[in-house]
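# Secondary and tertiary structure notes
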Amino acid sequence: MIYKIYHETKFSYAGLVTFSHNIARLKPKDSNTQKLLEYSLKIEPTPYETSEFIDYFENTNNFMLIRESHKSLKVIATSKVERFESEIKKEIDSLKNIKITVRDLKQRLSSFNPNDVLAKYFLFETESIPMPSKEIKDYVLKSFDENRNIIEATSDFMARIFNDFKFVSGFSDITTPIEIIFKEKKGVCQDFAQFAISALRSIGIPTRYISGYIQTIPAVGSEKLFGVDASHAWFSIYVPDFGWVDFDPTNNKIPNEEYIVLGYGRDYLDISPLKGVVQSSGNSLLSVKVDVRVLD
């Protein structure tokens, strides 16, 4: 399947911005399950300087320095990505062959194995995903009996988030604490992913944050409107001798060919679409427009 992705981010400033530098992370990854066919980045106003680099997590970062005075900043990323259905199906089918239990995983990670070193980086808390309360740890442990298969346990935990939490747009933002999401049992995909990551790390399972897109299908008889999609987020756990396995608690499913991977990190801040610093006064208004379409 080949997807065309349009991602527009616009900041409108109350005051005049005289200087800004930003980093965009909007270039999808290449992997054994997807290939980036085309990518372009349009920036308004025209930057004084741009550069591209790969960060620690192998995500592409586009740096932009703007010296021209401006009252708005618009960044438009357009991508064409091919997802390999046969490879994705093969990976999902191979999950049935994983026999490792929760106890097996913890014992393996408690000792040194060179193949596990990089995964252990995803065991630690971050500023936006701290170690959770006892209540959250008790919640996740209901799925993780020591003798349970790790894929079965994580799938059960994913389903419980899907059933216990309500998707409510506008309730939260990137600063909303994990504890509030758990207490209110509502939020959006980013919140569910970061909640799951916090809970899983607290019981010794390396877990990373995945940013990307998902194909949305309009109701029967309705036309798909341009720009009404959104970026998506889910999480991935590390399984020794297998690799990383993705789970989407927002939709209660193992991500398939309908998902496009943008990048990954310890949390949202490691792979936020656009971040930076501006020299100005007053507030700013953010608007985002995303469109994901399957090409014939």
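Our structure is the block above this text.
This write-up is about the structure you can find in this document.

Definitions and limits used
Residues numbered from 1 in each chain as written. Predicted model: local features only at pLDDT ≥ 70, side-chain atom pairs only at ≥ 80, totals over all residues. Heavy atoms only, no water. Helix = DSSP H or I, 4+ residues; strand = E, 2+ residues; numbered from the N terminus. Rg over C-alpha atoms; globule rule 2.2 N^0.38 Å. Contact = heavy atoms within 4.5 Å. Areas by Shrake-Rupley, 256 points an atom, 1.4 Å probe, with all protein chains shown as cover. Phe/Tyr/Trp six-rings, centres within 6.5 Å; stacked < 30°, edge-to-face > 60°. Buried < 20%, exposed > 50% of the residue type's maximum accessible area, 1.4 Å probe, protein only. Lys NZ or Arg CZ within 6 Å of the ring centre and 35° of its normal. Polar contact = N/O pair within 3.5 Å; in protein donor to acceptor, adjacent residues only side chain to side chain. Expected span 1.5 Å × (residues − 1). Core = buried A, V, L, I, M, F, W, Y, C linked by side-chain atoms within 4.5 Å. Salt bridge = Lys/Arg side-chain N within 4 Å of Asp/Glu carboxyl O. Pairing = 2+ DSSP bridges. Axes fitted to C-alpha atoms, helices over the stretch in contact; angles between N-to-C directions.

### Re the overall build of the protein
- Scanning the protein from N- to C-terminus turns up 6 helices and 14 strands.
- Whereas a compact globule of 296 residues would reach a radius of gyration of roughly 19 Å, the protein reaches 20 Å, a difference of no more than 12%.
- Restricting the contact set of the protein to residue pairs at least 6 apart, pairs at least 24 apart contribute 76%.
- Split by element, the accessible area of the protein, about 14,600 Å² in all, is 52% carbon and sulfur.

### Remarks on the packing of aromatic side chains
- Tallying each qualifying case throughout the model produces 23 aromatic pairs.
- Aromatic side chains Phe57 and Tyr264 sit 6.3 Å apart centroid to centroid with 70° between the ring planes, which places their arrangement in the edge-to-face category. You can see Phe57 sitting in the loop between strand E4 (49–54) and strand E5 (60–66) and its partner Tyr264 sitting in strand E12 (residues 259–265), a full 207 residues away along the chain.
- Phe57 gets classed as buried once you look at its relative accessible area, which sits at 7%.
- Both rings, one in Phe165 and one in Phe192, keep their centres 5.9 Å apart while their planes meet at 70°; by these two values the pair is edge-to-face. Of the two residues, Phe165 is situated in the loop between helix H4 (150–164) and strand E7 (166–167) and Phe192 in helix H6 (residues 189–202); the sequence distance between them amounts to 27 residues. The same class applies to Phe165 as to Phe192, namely buried.
- Over the ring of Tyr48 we find Arg67; its NZ or CZ atom is 4.1 Å from the centre of that ring.

### A few points about the side chain of Ser128
- Along the chain, Ser128 falls in the loop between helix H2 (102–109) and helix H3 (134–141).
- Polar contacts involving the side chain of Ser128 include one to the side chain of Asp267, which spans 2.9 Å.
- Setting aside residues no more than four positions away along its own chain, Ser128 makes contact with Ile178, Gln194, Asp267 and Leu269.

### Brief notes about H4
- If you check H4, its first and last C-alpha atoms are 21 Å apart, about what 15 residues at 1.5 Å a residue would give, namely 21 Å.
- Looking at H4, one finds that the buried residues are Ile150, Ile151, Ala153, Thr154, Phe157, Met158, Ala159, Arg160 and Ile161.
- Looking at the buried positions of H4, the neighbouring elements they touch are H2, H3, H6, strand E10 (231–239) and strand E11 (243–247).
- Capping the start of H4, Asn149 holds a side-chain oxygen 2.8 Å from the backbone nitrogen of Ile151, two or three residues further along.

### Here we look at the nonpolar core
- Core analysis: the biggest nonpolar cluster contains 42 residues, and Phe144, Ile150, Phe157, Phe195 and Ile237 have the highest contact counts within it.
- Within the residue set of this core, elements represented by two or more residues are H2, H3, H4, helix H5 (178–184), H6, E10 and E11.
- Membership of the second largest hydrophobic core comes to 21 residues, among which are Ile66, Val75, Tyr213 and Val292.

### Focus on the pattern of salt bridges
- Scanning all chains against the criterion turns up 14 salt bridges.
- One salt bridge connects Lys80 with Glu38, and the closest N-O pair in it is separated by 3.4 Å. Taken together, the residues span a long stretch of sequence, with Lys80 in strand E6 (residues 70–83) and Glu38 in strand E3 (residues 34–44) at a distance of 42 residues.
- Given a relative accessible area of 23%, Lys80 falls into the partly exposed group.
- Across the pair Asp291 and Arg293 runs a salt bridge whose closest N-O atoms are separated by 2.7 Å.
- Overall, the relative accessible area of 2% leaves Asp291 in the buried class.

### Regarding the sheet that holds strand E13 (residues 274–279)
- The strand order across the open sheet formed by 4 strands is E4-E5-E2-E13, and the pairing between neighbours is antiparallel. Unpaired on one side and paired on the other, E4 and E13 mark the two borders of the sheet. When strand polarity is set aside, the average angle formed by the axes of neighbouring strands in this sheet is 10°.
- In this sheet, E13 lies alongside strand E2 (residues 19–24) in antiparallel orientation, the contact comprising 6 bridges. Note on E13: the bridge partner recorded for His21 is Val277.

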